[in-house]
Amino acid sequence: MNKFFTVILLLFSSVLLFSQTSKPFVLGVIEEIQSKELGENRILNIYLPEGYKPENATKYPVIYLLDGSADEDFIHIAGLVQFNSFEWINQVPKSIVVGIATVDRRRDFTFPTSIEKDQKRFASSGHSDKFIAFIEKELQPYIDKKYKTTAFKTIIGQSLGGLLETEILLKKPALFNHYVIVSPSIWWNNGSILNLDSVLFEKNFTQETFIYIAVGKEGLTPTDIPRVMEVDANLLAEKIKAPKSKNIKVFFDYLPQENHATILHPAVSNAFKFFYPKVQE
């Protein structure tokens with residue numbers, strides 16, 4: 001009986017010791033920003049690089065991530081940024097990652113469509129203009145004011161997020177320096193975004209802009225008129241390349257071993273190599 005109580009005491013002591021020494025593993029901070037443009041509060045998940053201190057003079061570039069909820073893409077993309085910024089990797093400069101938690105992707109990432117079927121099926125869609133205004137007028141100024149940032153900005157998005165990025169790129173290209181456009185839903189409104197003109201194509205567009213476009217083996221789009229994801233992504237890349245501007249760098253990456261579900265992680269890794277090529281010694 002004494003041995004029994006001794007074992008119980010040891011187990012209890014171990015549990016108590018474990019509970020006293022354990023503590024949460026913190027990956028980043030959670031912010032909540034009030035948006036007048038969207039008429040709601042939005043959650044931001046923010047990763048700060050190792051060594052970040054508000055009191056220091058060091059400033060960091062910012063990577064904005066669409067679909068940036070904790071249960072979406074924030075954790076694995078923040079991990080990629082951290083890994084690639086390790087001193088022994090040195091592929092990416094230490095950066096702040098701002099994950100924009102999703103509320104309604106159809107509403108925020110799409111412009112109005114003339115396809116009646118989609119209007120009925122996705123009743124909340126068509127308000128990307130408000131989301132873009134949120135990014136430009138509220139989110140970026142908020143991050144720049146609160147954190148130690150440089151003027152260098154990257155945006156990452158997939159699928160409808162890639163569609164939104166394409167719209168930003170063509171309508172307000174100066175909002176970001178690097179665009180990671182993965183499996184963009186160019187099919188929305190029967191590919192009408194491919195017909196947009198843009199200041200991006202003008203000779204006097206002077207901001208150096210890097211655009212990485214990736215697509216996997218994804219096949220037909222969910223539309224009545226057949227479209228192919230791979231073809232649409234390639235058409236977008238060719239449209240941007242056509243003016244042959246020295247300030248615009250475009251890389252089209254076809255990853256046939258990936259599908260719509262698996263492509264984002266390897267694509268972002270490849271995008272970093274395109275943005276920050278290592279010089280062979």
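Residues numbered from 1 in each chain as written. Predicted model: local features only at pLDDT ≥ 70, side-chain atom pairs only at ≥ 80, totals over all residues. Heavy atoms only, no water.

1. Notes on the packing of aromatic side chains
Heads up, the rule is: When two rings of Phe, Tyr or Trp (its six-membered ring) have centres within 6.5 Å they constitute a pair, described as stacked for plane angles under 30 degrees, edge-to-face for angles over 60, and tilted for the intermediate range. When the NZ atom of lysine or the CZ atom of arginine is within 6 Å of a ring's centre and also within 35 degrees of its normal, the charge is said to sit over that ring.
The full count for this structure, using the stated rule, is 16 aromatic pairs. Taken together through their ring pairs, the aromatic side chains of Phe210, Tyr212, Phe251, Phe274, Phe275 and Tyr276 make up a single cluster. Positioned above the aromatic ring of Phe122, the side-chain terminus of Arg106 is 3.6 Å from the ring centre.

2. Focus on the environment of Val250
Which entries qualify depends on this criterion: Here a helix means four or more residues in a row that DSSP labels H or I, a strand means two or more in a row labelled E, and each is numbered from the N terminus. The contact rule is simple, with two residues in contact once any of their heavy atoms fall within 4.5 Å.
Within the secondary structure, Val250 sits in strand S8 (residues 248-255). Taking the C-alpha atoms as reference points, Val250 and Glu40, separated by 210 residues in sequence, lie 35 Å from one another. In this view, Val250 contacts Ile211, Ile213, Ala237, Ile240, Lys241 and Phe274; residues no more than four positions away in its chain are not counted.

3. Focus on the pairing of strand S2 (residues 40-47)
Applied cut-off: Accessibility here uses a 1.4 Å probe with only protein chains present; expressed as a share of the type maximum, an area under 20% marks a residue as buried, one over 50% as exposed, and anything in between as partly exposed. Strand pairing is defined by DSSP finding a minimum of two bridges between the two strands.
Within S2, six of the eight residues are buried, which leaves the element mostly enclosed by the surrounding structure. Across seven bridges, strand S1 (residues 29-35) lies against S2 in antiparallel orientation. When the sheet's bridge partners are listed, Ser35 is paired in S2 with Glu40. The antiparallel hairpin formed by S1 and S2 contains four residues in its connecting segment, where Gly39 sits at a positive phi of about 70 degrees. Where S2 lies against strand S4 (residues 96-100), four bridges are found, and the strand directions are antiparallel. Paired with Ile46 across the strands is Val98, a residue of S4.

4. Focus: the environment of Asn41
Heads up, the condition is: Here a polar contact is recorded for every N or O atom pair within 3.5 Å, except that within protein the pair must consist of a potential hydrogen donor and a potential acceptor, and residues adjacent in sequence are included only if both atoms are side-chain atoms.
If you trace the backbone, Asn41 turns up in strand S2. Measuring from C-alpha to C-alpha, the distance between Asn41 and Val103 comes to 9.9 Å, with 62 residues separating the pair along the chain. Setting aside residues up to four positions removed in sequence, Asn41 forms contacts with Glu32, Ile33 and Gln34. Reaching out from Asn41, the side chain makes a polar contact with the side chain of Glu32 at a distance of 3.1 Å.

5. Here's the deal with the sheet that holds S1
What counts, and what does not: Here the axes come from fitting lines to C-alpha atoms, over the contacting stretch only for helices, and the angles between their N-to-C directions go from 0 to 180 degrees.
Spatial ordering of the open sheet is given by S1-S2-S4-S3-S5-S6-S7-S8, a layout of eight strands whose pairing is mixed. Two strands in the sheet have a free side with no partner beyond their single neighbour: S1 and S8. In this sheet, adjacent strand axes meet at a mean angle of 20 degrees when their direction is disregarded. With five bridges joining them, strand S5 (residues 149-158) and strand S6 (residues 178-182) adopt parallel strand pairing. Each bridged residue has a counterpart across the sheet, and for Ile155 the counterpart in S6 is Tyr179. Contacting S1, S2, strand S3 (60-65), S4 and S5, helix H5 (residues 128-146) crosses the sheet at an angle of about 130 degrees to S1.

6. Here we look at the pairing of S4
Within a regular strand, side chains alternate between the sheet's two faces. For the record, the criterion: We call a crossover right-handed when, viewed with the strands running away from us, the connection from the first strand over the helix to the second turns clockwise.
In terms of burial, S4 is a largely internal element, five of the five residues being buried. Side-chain alternation along S4 places Ile96, Val98 and Ile100 on one buried face and Val97 and Gly99 on a second face that is also buried. As paired strands, S3 and S4 are joined by four bridges and run parallel to one another. What sits directly across from Leu65, in S4, is Gly99. Regarding topology, helix H2 (residues 74-84) serves as the crossover connection from S3 to the parallel S4, and that connection is right-handed.

7. A word on helix H7 (residues 229-241)
Residue pairs spaced three or four apart in an α-helix point in one direction, given the helix's 3.6 residues per turn. Under the convention used in this document: In this analysis, the expected span of each helix is defined as 1.5 Å times one less than the number of residues it contains.
With 13 residues, H7 extends 19 Å from end C-alpha to end C-alpha; this agrees with the ideal 18 Å at 1.5 Å per step. Three or more residues of H7 are buried, namely Met229, Glu230, Asp232, Ala233, Leu236, Ala237 and Ile240. Buried residues in H7 make contact with helix H6 (160-171), S6, strand S7 (209-216) and S8.

Honestly, it's all geometry; don't read function into it.
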